[in-house]
Amino acid sequence: MDSEVLRFESITREFPGVKALDNVSFSVNQGEVFALLGANGAGKSTLMNILGGNIPPSSGKIYIDNQEKSFFSPQDSLNAGIGFVHQEIALFPTLTIAENLFINGYKTNTAGLLTRKAMEAECTSLLKKLNCNLSPRTLVKHLGAGDQQMLEIARALLINPRILILDEPTSSLTNSEKQRLFKTIKILKKQNVTVIYISHFLDEVFSICDRALVMRNGCYAGEGDIKDLSYEKIVGFMLGETESGIYYSRDHKVSDTRTVMEIENISRKGVLDNISFSVKEGEVYGLWGLLGSGRTEFMEALAGLDEGLDEYKVTLKFTDESISLKPSKALSYFGYLTENRRENGLLLSYSILANISLANLRSYISTWPFVNDKKIASETEKYVEQLGIKISDLQQRVETLSGGNQQKVIIGKWVQRAPKILLLDEPTRGLDVGAKRDVHKIINDFVANGASVIFVSSDIDEMLNMCDRITVIDRGQIKGEFAAGVSKEKLMALASGATEE
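Residues numbered from 1 in each chain as written. Predicted model: local features only at pLDDT ≥ 70, side-chain atom pairs only at ≥ 80, totals over all residues. Heavy atoms only, no water.

> Just to check I follow, could you spell out the overall build of the protein for this structure?
Across its full length, the protein carries 17 helices and 22 strands. In terms of overall size, the protein behaves like a compact globule, its C-alpha atoms giving a radius of gyration of 24 Å where 501 residues would be expected to give roughly 23 Å. The dimensions of the protein, computed from C-alpha atoms along their principal axes, are 70 × 50 × 50 Å. Burial analysis of the protein (501 residues in total) assigns 50% to the buried set. When contacts within the protein are restricted to residue pairs at least 6 apart in sequence, long-range pairs at least 24 apart make up 67% of them. When the accessible surface of the protein is summed, it comes to about 23,100 Å², and 47% of that surface belongs to carbon and sulfur atoms. Each charge class in the protein can be summarised by its mean position, and for the 57 positive and 64 negative side chains these summaries are 3 Å apart. (Helix = DSSP H or I, 4+ residues; strand = E, 2+ residues; numbered from the N terminus. Rg over C-alpha atoms; globule rule 2.2 N^0.38 Å. Buried < 20%, exposed > 50% of the residue type's maximum accessible area, 1.4 Å probe, protein only. Contact = heavy atoms within 4.5 Å. Areas by Shrake-Rupley, 256 points an atom, 1.4 Å probe, with all protein chains shown as cover. Lys, Arg positive; Asp, Glu negative; His and termini not counted. Charge placed at Lys NZ, Arg CZ, Asp CG, Glu CD.)

> Is there a simple way to explain the side chain of Asp306 in this structure?
Position of Asp306 among the secondary structure elements: in the loop between α9 (295-302) and β14 (311-316). By relative accessible area, Asp306 is classed as buried at 11%. Side-chain polar atoms of Asp306 contact the side chain of Arg268, separated by 3.0 Å. Separated by 2.8 Å, the side chain of Asp306 and the backbone nitrogen of Gly308 make a polar contact. Setting aside chain neighbours within four positions, we find Asp306 in contact with Arg268, Glu300 and Ala301. (Polar contact = N/O pair within 3.5 Å; in protein donor to acceptor, adjacent residues only side chain to side chain.)

> What is the right way to look at the pairing of β14 in this model?
Along any regular strand the residues' side chains alternate between the sheet's two faces. Two strands pair when backbone bridges link them, and strand β11 (residues 259-268) and β14 are joined in this way by five bridges, in the antiparallel orientation. Across the sheet, Ser267 pairs through a bridge with Glu311, a residue of β14. Direction of pairing for β14 relative to strand β15 (residues 321-323): antiparallel, over a ladder of three bridges. Bridge pairing in β15 links Thr315 to Ser322. Count of turn residues in the β14/β15 antiparallel hairpin: four residues, of which Asp320 carries a positive phi of about 55 degrees. (Pairing = 2+ DSSP bridges.)

> What should I look at first to understand the nonpolar core in this one?
One recurring pattern in soluble globular proteins is that nonpolar side chains are buried together. Ranked by size, the top nonpolar core spans 47 residues in total, and within it Leu37, Leu164, Leu166, Ile185, Tyr197 and Cys209 carry the most contacts. At six residues, the largest contribution of residues to this core is made by helix α5 (residues 145-157). Setting aside its immediate chain neighbours within four residues, Cys209 contacts Val33, Ala35, Tyr197, Glu204 and Ile226. (Core = buried A, V, L, I, M, F, W, Y, C linked by side-chain atoms within 4.5 Å.)

> Would you mind going over the state of the cysteines with me for this structure?
Where two cysteines share a covalent bond between their sulfur atoms, that bond is called a disulfide. Per the counting criterion, the structure on display carries zero disulfides. Cys123 takes part in no disulfide bond, and the closest cysteine sulfur to it belongs to Cys132, at a distance of 9.7 Å. The exposure class assigned to Cys123 is buried, which follows from its relative accessible area of 0%. (Disulfide = S-S within 2.5 Å.)

Quick look at the structure:
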């Protein structure tokens, strides 16, 4: 018989003008891997932040082992045996791995001095359990995103939690790192640790979870055992629809349009090797490859962010001009959505108005050097409405928006600029099904007006659905170019080096 370890009863959380959670009730059993799903802004993180002691509920009760608990701080939650790995990495880059691991309580001797050897020994032991062969003395700033994520997980495991919350834990992990994490979750399950798993990757949910609950607009939307659920049913719960496709459908009709850009021999020793292809008017041109293939390095080079290129030639056919790949020149023609929106794409503490208008300020100058504030507000409001960005007002800070709405703000910035070519690196990473389809529609509308897109995504199904042509890149080299309709098996085989075109 299932043993209940955690129960939420009528949890409600209200912020000024917003009800983030509305009367949410459900229970979680001991030793199960429980998926908590929902669209961006559904209330998942708010609920987990209540359990993690970061914010209190407006009303409702939490029970652990049938005993009512109140958490007034993260320490209260830790004391109750709850570990929390947040979506955003929160480490100190200038401290060592061991120092970060014990940041909530350093080991000391009777004289109050740090016992570094004891900390480093325990750190090494814990990292080995996660198959991380890292030195505890390594500074965090020298770690890649995947190793930093594994360190966050190790820190949560340090307290031997009874309940472990994993909020989008694989967003920065390679496939091998994901498999390490999944093995760890299976071990924890055998030790009767309860794992609450938040993810937008439904394949992961079906692979490792026992049950799933879906939230929508701050409310309970549905739940069930994984064996009784399907992709379509979960998506239906998320969107409030009985049937709904995961991807936006677009027609592929650009085979006869003119070429707008020729890319020839973009090269950088050890990174990019003779990258050459052309892009057509109104086309979504896909660049597909696995992690480390050179996709992002190519996009950065095209946007003028790599000053170390050995050679290249980029010709814009609509001006018959070979352009210099420097930011001032490249961004005259290109818009560029970076892979990491929070670090490189947004001014998080600034308003929606400031972020969307940022790339287009010159067009709002009325009398030099003053901009026309009324025109900026009017135009920004138009794009907020056009892109379906959910906000309270234009002065709302971008950091308060859901991931999907943040992504729309970045895209809105470039759509407002109206470049001829838009470079999109992982434009839907971390987005829920609804937000992903919204972004797809924005892209479709953009190319329908004659612009072109170079599109990078780790989601092979998304690539096949969105792109008119797809080029496969592996270790900085092009392995083949394909029209829409190519099989995913073919793309994967080329990208992984299993076959040659």
